[in-house]
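# Summary of the model geometry
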Amino acid sequence: MKLLFIVLILINIPVFAQDGSDIWYVNSENIDNGIIGKVCHIDVYSKSFMGRAIDTIEINVKGKKVKFIEHRVDNGYNNWLRDQYLIALPIYRNSSMRLISSKIDSLDSKKIYVTSVVGYYRYDNPLDTITVINHDYLRKNVAAILLKN
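Report follows, based on the coordinates. (Residues numbered from 1 in each chain as written. Predicted model: local features only at pLDDT ≥ 70, side-chain atom pairs only at ≥ 80, totals over all residues. Heavy atoms only, no water.)

## A short note on unusual backbone geometry
Stated formally: By definition, any uninterrupted DSSP run of H or I lasting at least four residues is a helix, any uninterrupted run of E lasting at least two residues is a strand, and each is numbered from the N terminus. Exposure is judged per residue with a 1.4 Å probe applied to protein chains only, and the accessible area is read against the type maximum: over 50% gives exposed, under 20% gives buried, and values in between give partly exposed.
Cis geometry is found at the peptide bond from Leu 89 to Pro 90, where omega equals -5°. With respect to the helices and strands, Pro 90 occurs in the loop between β5 (85–88) and β6 (95–107). Residue Lys 62 is not a glycine yet carries a positive backbone phi of 55°. Turning to its location among the elements, Lys 62 is positioned in the loop between β3 (56–61) and β4 (64–71). Residues other than glycine seldom take positive phi values, yet Tyr 123 does so here, at roughly 50°. Inspection of the secondary structure assignment puts Tyr 123 in the loop between β7 (111–122) and β8 (125–138). Tyr 123 gets classed as exposed once you look at its relative accessible area, which sits at 56%.

## Overview of the pattern of salt bridges
Between side chains of opposite charge, pairing is possible as soon as their charged atoms come close. The following threshold applies: The term salt bridge refers to a side-chain nitrogen of Lys or Arg lying within 4 Å of a carboxyl oxygen of Asp or Glu.
Tallied over the entire structure, the rule returns four salt bridges. Asp 124 is paired through a salt bridge with Arg 98; the nearest N and O atoms lie 2.5 Å apart. Of the two residues, Asp 124 sits in the loop between β7 and β8 while Arg 98 sits in strand β6, which places them 26 residues apart along the sequence. Given a relative accessible area of 59%, Asp 124 falls into the exposed group. Residue class for Arg 98 comes out buried when judged on its relative accessible area of 7%. A salt bridge links Asp 105 to Lys 103, with the shortest nitrogen-to-oxygen separation between them at 3.0 Å. Owing to a relative accessible area of 29%, Asp 105 belongs among the partly exposed residues under this scheme. Exposure remark for Lys 103: the relative accessible area of 35% places this residue in the partly exposed category.

## Things to note about the side chain of Ser 96
Where we set the bar: Any N or O atom pair separated by 3.5 Å or less is treated as a polar contact, with the protein-specific requirement of one donor-capable and one acceptor-capable atom, and with residues adjacent in sequence counted only for side-chain atom pairs. It only takes one pair of heavy atoms within 4.5 Å for two residues to be counted as in contact.
Summarising the element assignment, Ser 96 is placed in strand β6. Owing to a relative accessible area of 15%, Ser 96 belongs among the buried residues under this scheme. At a separation of 3.2 Å, a polar atom in the side chain of Ser 96 contacts the side chain of Arg 98. Among all residues touching Ser 96, those that are not within four sequence positions of it are Ile 87, Gly 119, Tyr 120 and Tyr 121.

## Some details on the packing of aromatic side chains
The condition is simple: Ring pairs shown here join Phe, Tyr and Trp side chains whose ring centres sit within 6.5 Å, with only the six-membered ring taken for Trp; geometry is labelled stacked below 30 degrees between planes, edge-to-face above 60, and tilted in between. Whether a charge sits over a ring comes down to the Lys NZ or Arg CZ being within 6 Å of the ring centre and within 35 degrees of the ring normal.
According to the stated counting rule, one finds zero aromatic pairs in the structure shown. Geometry around Tyr 121 places Arg 98 over its ring, the cationic atom sitting 3.9 Å from the centre.

Below is the structure:
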């Protein structure tokens, strides 16, 4: 009996194994009204993996077009939504502007409308100032939406 119990536990180990991720990925083809109202991060153009910052996008912030590049902390196992953001270019050592989160407001056949929070940082420490912006993404430019699991 004890041997059977040990074998059952060993067989079920993969069921209990879990990575450190708190992210649920919604691929572009699965984006529907079920994500409206959810806090997320938009993965633009091509899917990012293993921390590579590969895609850029321009977003209007307070009347100015700002170019942002994706920042990912993703090693394939430990991925936290709070560590995914867009950072404004050019990147300076002592200060930065980051699009730190978005909320899906609505969808149509061509666009995803969001409200986003832009945070300001000095030496990677957040300042007490944020800017809330409303903007959109063309669906064709969205690879996936990252939601908190």
